[in-house]
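The primary structure of each chain is shown beneath.
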Amino acid sequence: MAPTKIRGALNMCFQLAITIGIFAANLVNYGTSKINGGYCWRISLALAAVPAIIMLAGTLFLPDTPNSLIERGHKEKAKAMLQKITGVTNVDEELQDLVDASEASKQVKHPWANILEKKYRPQLVMSIAIPLFQQFTGINIIMFYAPVLFKTLGFGDDASLMSAVISGLVNVIATFVSIATVDKFGRRALFLEGGTQMFICQVTKQGSY
C-alpha cells in the first residue's frame, strides 16, 4: 500500500516504532525510579499496557490491502482501495497487475518444498543468517539490560538509568537517519554500511579487553 517513492521510509517506520518504544521505556524507568515505596517497578510494568491498548484500538481502523481483498474475491473493494491509496480514479492497470499476481500465486504447487530448491537457496540462507547473526552480536542483551550493564561498569543507579536513556535516544536518531536516506541509497547500501560499523565495533570491543 506504500507509495513507491517513500516505500523504504514507510517500511522502516516499524523499526522507528520499536526504537521510540525502547526510548520511552527507558524514560519511564528513569522517572519511576524516583518514586519511593518500593513499587516503582510495578508502575513501570503497568504503563506498558498503554501502547498495547493504543495498538489494539488502531487495529479497528486498519484497512485491508488491495492484495488481501483480491485474494478473498473482493475485486471492486480492491479497486476502491487502490483509488484511495493512489489518489487517482484510473487504476485498472495496477489492479490487473495485482489480479495477475494473485492468479499466478495460486498456480504454485508445494510452495514450502519449492523454497528448498537450489535456485532459491541463496535467498533462503540469507533470510535465516541475517537475523541469526544479528542476535549473536548481543545487541538485544545490551538494549534490554543496559542499566544492569552500566552498573557493572561502575555507574550509580541514576547514572546507569540515564545512560540507558541516552543509548535509546541515539537509537532513535539513527533510525531517523536511516529513514531519510533509505530511498536515496537503497536498503542494500545501508545494510552494508551498518554491517561494516558493527564489524568494526565488535573487533574494537574485543581488542579492548
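In this numbering scheme, every chain counts its residues from 1 along its sequence in written order. Reporting in this predicted model follows two pLDDT cut-offs: at least 70 for local features of residues, and 80 or more for side-chain atom pairs to be given and counted; totals over whole chains, interfaces and linings ignore these cut-offs and use all residues. The basis for every side-chain value is the complete set of heavy atoms in the structure, and neither hydrogens nor water enter the calculation.

**Q** Any chance you could explain the overall build of the chain here in plain terms?
**A** Helix numbering and strand numbering both begin at the N terminus, where a helix is a DSSP run of H or I of at least 4 residues and a strand a DSSP run of E of at least 2. Looking only at helices and strands, one finds 13 helices and zero strands in the chain. Scanning the chain from its N terminus toward the C terminus, one meets helices and strands in the order α-α-α-α-α-α-α-α-α-α-α-α-α. The C-alpha radius of gyration computed for the chain amounts to 23 Å, which surpasses the reference 17 Å derived for 209 residues by more than 25%, pointing to a less compact arrangement than a globule. With the C-alpha coordinates aligned to their principal axes, the bounding extent of the chain is approximately 65 × 40 × 35 Å. For the chain, buried positions account for 17% of its 209 residues. By the convention used here, residues are in contact when the closest approach between their heavy atoms is within 4.5 Å. For the chain, the proportion of contacts with a sequence separation of at least 24, taken over those separated by at least 6, is 53%. Note on areas: these come from Shrake-Rupley sampling with a 1.4 Å probe, and a residue is covered only by the protein chains present in the view. Accessible area for the chain stands at about 15,500 Å²; split by element, carbon and sulfur atoms hold 68% of it. In this tally, Lys and Arg are treated as positive and Asp and Glu as negative; His is ignored, and so are the chain termini. A charge is said to be at NZ when it belongs to Lys, at CZ for Arg, at CG for Asp and at CD for Glu. Averaged over its 19 positive side-chain charges, the chain has a centre that lies 7 Å from the centre of its 14 negative ones. Radius of gyration means the value over C-alpha atoms here, while the globule rule gives 2.2 Å times the residue count to the 0.38 power. Burial classes: relative accessible area under 20% of the type maximum marks a residue as buried, over 50% as exposed, and values in between as partly exposed (1.4 Å probe, protein chains only).

**Q** Would you explain the packing of aromatic side chains in this entry?
**A** Centre distance and the angle of the planes are the two values used to describe a pair of aromatic rings. Aromatic pairing here means that ring centres of Phe, Tyr or Trp (its six-membered ring) are within 6.5 Å. Orientation follows from the plane angle: under 30 degrees is stacked, over 60 is edge-to-face, and everything else is tilted. Within the structure shown, the criterion is met by two aromatic pairs. Residues F133 and F136 carry aromatic rings whose centres are separated by 5.9 Å and whose planes lie at 80° to one another, so their mutual orientation is edge-to-face. Note that F133 and F136 are positioned in helix α9 (residues 121–136) at a spacing of three residues, about one turn of the helix.

**Q** What is the right way to look at the environment of Q15 in this model?
**A** As for its placement among the helices and strands, Q15 is situated in helix α2 (residues 13–32). Exposure remark for Q15: the relative accessible area of 35% places this residue in the partly exposed category. With 140 residues separating them along the chain, Q15 and F155 place their C-alpha atoms 29 Å apart.

Treat this as a map of the structure, not an account of what it does.
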